Structure formats: structure tokens, C-alpha cells
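Below, each chain spelled out in residue letters.
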Amino acid sequence: MTGSRSPVAPAAPGGAAGLPAVHGEAHWTRKGDVRLALWRKYVGRPDGKRPLLFVHGSSMSSRPAFDLEIEGRPASSVMNVFARLGYDTWCVDMEGYGRSDKHRPINCDVATGADDLAAASAYILAATGADRLLLYGGSSGALRAALFTERHPERVERLALLALVWTGEGSPTLEQRRKKLPEYLANTRRPIDRAFLRTIFERDHPGTADDRVIEAFADAVLAYDDSVPTGTYVDMCANLPLVDPARIPVPTLVLRGQWDGIASFEDVVAFFARLPNPDKHLAVVPGVAHASLHERNGAIVRHLLHAFFDRPRPVYRGEP
């Protein structure tokens, strides 16, 4: 195991509801000469708990996506929610994001992110002693997670994909994004600001998220980055499909928000139909657009994820 751990951070407060305190730890590992930042949260002791790795999308680092702490809203941190459900939760900043290294002159495409997950998963499995991990990815994080699973299915126990785009057919979001493809191709990074971050919540169906949450999310993202790599945008605009569902052999959950414009329902269903494992699940989440974990109906998404990750293994699989 290559990497290091920082001292335990202050526990997340239990709050008025008397929720258990959640402990946080900063970890570091390397991918060649690239240093990657990991963040871990758990309740009590992590020994024997199943590791769950969250994979962020194109326009933010991992902690704003998965550990957004807002006073009076304990569920805003999905890591806290799942830590209190008994998981050993992790997230990692992809190369070019957040606290991870940004020195290489590359655009950090989806394949680069899959390499990051190879390094992060090796560290997590060594640190925890687990054989496999649970894996969640949203948007381009879903592509990174799926591609990593293609390459290393032996490391993944169960895979959950949200806001996945497969071929890009029928995607209004990508139709608009392609108008700026020459700009993305000409640069390894693109600027982000508060106005742009609001569009993540408002471009498909305004009103799915509370304004207070959107502002807190923007504050958290901009505390780490004022620009992000262009690679995943280039891939989604010009290089799809990047993943072969037939080569993902693990149990898989595919979630799509009712109003998510990144992928058409038909595109998601076509991907789902090609998954070979019979333990596969497809759900459309009502009243949800693209940034579902931070939206008003995020509890439905969290419920579906927990139900999938906690699902009993099949006792009977049919005749050999």
C-alpha cells in the first residue's frame, strides 16, 4: 500500500437529532508521480465495515459532492448518511481536482479517472483488508466507475451508476455542450464560477433543489477549484461510447433522474439491457434532475443506494 493517513479530523456533530458522531480522516496515495487525495468517514471503528467509494463528476471535487455539511441538514453529506448506516465511506479527488495533483499538462479524461480509481481502490482495499469494495459514480463519475469496473471487476462487489450517459443519443445537455467542443479541445482546463455551478441544478428543471443547498454547494466547490479539467466533457461530446456494459460482470444498479438531460431514457435502458449479471436493477427517480443527491428528493436516491448495497446475496442461482 502506497500512501499516508492524516490524524482523525474533528467528529461531525451529532446535532439536535442525537445522531452518532462521524469521524473523518485524510488519506493520500500515488498514481506514479501524481499524488491523490482521499477522504474517509465512519462511525465508531471502521474495522469489518464494508468500504464504499464515491466517485465525483466533471465539475467538482469529491468532498463538495459527497461530504457537504450544512447546519440543520444532516443528509446533505451522503458520506455521513452512509457512515451512520454502517459503511466505511471513502471519496477521492480525481487528478486535476481538489487537493489532488494538477501538475501534468493533460485534460484528465475518463480513462485517466479510471486509472485514479485503480490507485485509490488498491489503497482502500489494503487499508481495510477487504477483498472488494462497493462503488458509486455519478455523471462522468459513473463513466469512470464503469470503466474501472471493466478493467478490475475483481475489486468491485456492487456497482451503482447515476446520471449515466452511454452513447449520448437523445441528450439535450450534450447537444448544448457540443457547441463549445472546440474550446474544450483547445484547453486542458475550463473555468467554473458560481453562475455555472447553479446551472447544474437549474438547466433541466429549476426547483428540484433548495437555493440554500445550491449556494452551499457552490461555496464548497469554489473553495477547492476555480477551474476543472476538460477531458470528461470532450469524451462525452465526441468519444462516446466509452464503456461496454457487456464487460461489466458485477451486480449493477442504474439510476436516472426523471428530468436528467444528460442521457435519454432509451440510452439508459439500452445500456441496462446489455449488462450480463442477472442481479441488475434500473430505477427512475421522480422529481429529480441531474444533481440528485443534493436535490429535494435526494432521500429516494439514498434509499435506493442503501437497498442495493445491503441487498442479500442470492442463495440459489439455478442449475449449473
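Residues numbered from 1 in each chain as written. Predicted model: local features only at pLDDT ≥ 70, side-chain atom pairs only at ≥ 80, totals over all residues. Heavy atoms only, no water.

> Run through the environment of Pro206, naming residues and quoting values.
Mapped onto the elements, Pro206 comes out in the loop between helix H7 (194-202) and helix H8 (211-222). Judged by its relative accessible area of 58%, Pro206 is exposed. Through-space distance from the C-alpha of Pro206 to that of Ala289 is 8.8 Å; in sequence the pair is 83 residues apart. (Helix = DSSP H or I, 4+ residues; strand = E, 2+ residues; numbered from the N terminus. Buried < 20%, exposed > 50% of the residue type's maximum accessible area, 1.4 Å probe, protein only.)

> If you had to explain the packing of helix H3 (residues 110-128) against helix H4 (residues 140-151) to someone new, which residues and values would you point to?
Running from N to C, H3 and H4 cross one another at 65°; their axes reach a closest spacing of 8 Å. For the crossing formed where H3 meets H4, the hand is right-handed. Together, Val110, Ala111, Gly113, Ala114, Asp115, Leu117, Ala118 and Ser121 of H3 and Leu143, Arg144, Ala145, Leu147, Phe148 and Arg151 of H4 make up the contact between the two elements. Tallied by class, the residues present in the contact of H3 with H4 amount to 9 nonpolar, 2 polar and 3 charged. (Axes fitted to C-alpha atoms, helices over the stretch in contact; angles between N-to-C directions. Left-handed = near helix turned anticlockwise from the far one by under 90°. Contact = heavy atoms within 4.5 Å. Nonpolar A, V, L, I, M, F, W, Y, C, P; charged D, E, K, R; others polar.)

> I'd love a proper account of the pairing of strand E6 (residues 133-138), names of residues and values included.
By the criterion of burial, E6 is predominantly enclosed, with 6 of the 6 residues buried. The side-chain alternation of E6 yields two buried faces, one formed by Leu133, Leu135 and Gly137 and the other by Leu134, Tyr136 and Gly138. Relative to E6, strand E4 (residues 51-55) runs parallel, the two being bridged by 4 bridges. Residue pairing across strands places Phe54 opposite Tyr136, the latter belonging to E6. Sheet topology places E6 next to strand E7 (residues 156-162); 6 bridges connect them, and they run parallel. Directly across from Gly138, in E7, lies its bridge partner Leu162. In the classification by handedness, the crossover that spans E6, the intervening H4 and the parallel E7 is right-handed. (Pairing = 2+ DSSP bridges. Right-handed = clockwise from strand over helix to strand, strands pointing away.)

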